[in-house]
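Breakdown of the fold
This is what each chain is made of:
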Amino acid sequence: MNSARPLTLEERVYMLDVARGLSAAEIAKNHHANPADVKVGLARAKFVLGARNMAHAVTLCIVRGEFEAEDVVGCTCDSGNPLDYDGPQRDCPEHGEGS
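Residues numbered from 1 in each chain as written. Predicted model: local features only at pLDDT ≥ 70, side-chain atom pairs only at ≥ 80, totals over all residues. Heavy atoms only, no water.

With respect to the nonpolar core
Membership of the largest hydrophobic core comes to 20 residues, with the highest contact counts inside it found for Leu7, Met15, Val38, Leu42 and Leu49. For this core, the secondary-structure elements that each account for two or more residues are helix H1 (9-19), helix H2 (24-30), helix H3 (35-49) and helix H4 (54-64). Top contributing element to this core by residue count: H3, with 5 residues. Apart from residues no more than four positions distant in its own chain, valine 38 is found in contact with Tyr14, Ala24, Ile27, Ala28 and Ala33. (Core = buried A, V, L, I, M, F, W, Y, C linked by side-chain atoms within 4.5 Å. Buried < 20%, exposed > 50% of the residue type's maximum accessible area, 1.4 Å probe, protein only. Helix = DSSP H or I, 4+ residues; strand = E, 2+ residues; numbered from the N terminus. Contact = heavy atoms within 4.5 Å.)

Structure follows, in structure tokens:
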């Protein structure tokens with residue numbers, strides 16, 4: 001690994017979206033961010049993790065505890081702003097368990 005530091009909140013949110021199968025353009029749209037900024041955030045996360053590609057980066061996120069495999073299918077109902085992200089909201093009435 002290139003760095004011992006944990007991912008920033010923004011990097012973690014973007015990586016979780018990658019784990020959910022979203023492209024950088026889709027992530028940017030969902031978070032009202034500039035696509036170039038999302039690409040930089042993903043590249044920075046990949047570097048910090050020491051990953052060879054995005055699939056490897058997602059795996060390393062799970063191994064390092066940046067997020068859990070269960071979070072990949074969780075709901076992220078929030079304002080769409082990565083800085084407001086509180087993690088998957090499994091109790092969301094629209095997307096949570098039992099819906």
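There's plenty left to go through after this.
Some points on H3
Between its terminal C-alpha atoms H3 stretches 21 Å, which fits the 21 Å expected from 15 residues at 1.5 Å a residue. Regarding H3, the residues found buried are Val38, Gly41, Leu42, Ala45, Val48 and Leu49. Each buried residue of H3 lies within a common arc of 125 degrees when the element is viewed along its axis, so the set occupies one face. Turned more than 90 degrees from where H3 packs its buried face, Lys39 and Phe47 sit exposed. A side-chain oxygen of the first residue of H3 lies 2.7 Å from the backbone nitrogen of alanine 36; this N-cap is asparagine 34. (Expected span 1.5 Å × (residues − 1). Arc of directions from axis to C-beta. Polar contact = N/O pair within 3.5 Å; in protein donor to acceptor, adjacent residues only side chain to side chain.)

Notes on the confidence of the model for the protein
Overall, the prediction assigns the protein a mean pLDDT of 82, with 71% of residues at 70 or greater. Per-element mean pLDDT across the protein ranges from 94 in H2 up to 97 in H3. (pLDDT = per-residue confidence, 0-100.)

Structural notes on the environment of alanine 33
Examined against the element boundaries, alanine 33 turns out to sit in the loop between H2 and H3. Filtering out sequence-adjacent residues up to four positions away, alanine 33 remains in contact with Tyr14, Ala28 and Val38.

Quick word on H4
Buried residues of H4: Ala57, Val58, Leu60 and Cys61, and no others. Take H4 and look down its axis: the buried residues cluster within an arc of 165 degrees, on one side only. Exposed and facing more than 90 degrees away from the buried side of H4 are Ala55 and Val63. Where H4 begins, one side-chain oxygen reaches toward the backbone nitrogen of alanine 55, 3.1 Å away; that side chain belongs to asparagine 53. Looking one or two residues beyond H4, the residue adopting positive phi is glycine 65, at roughly 85 degrees.

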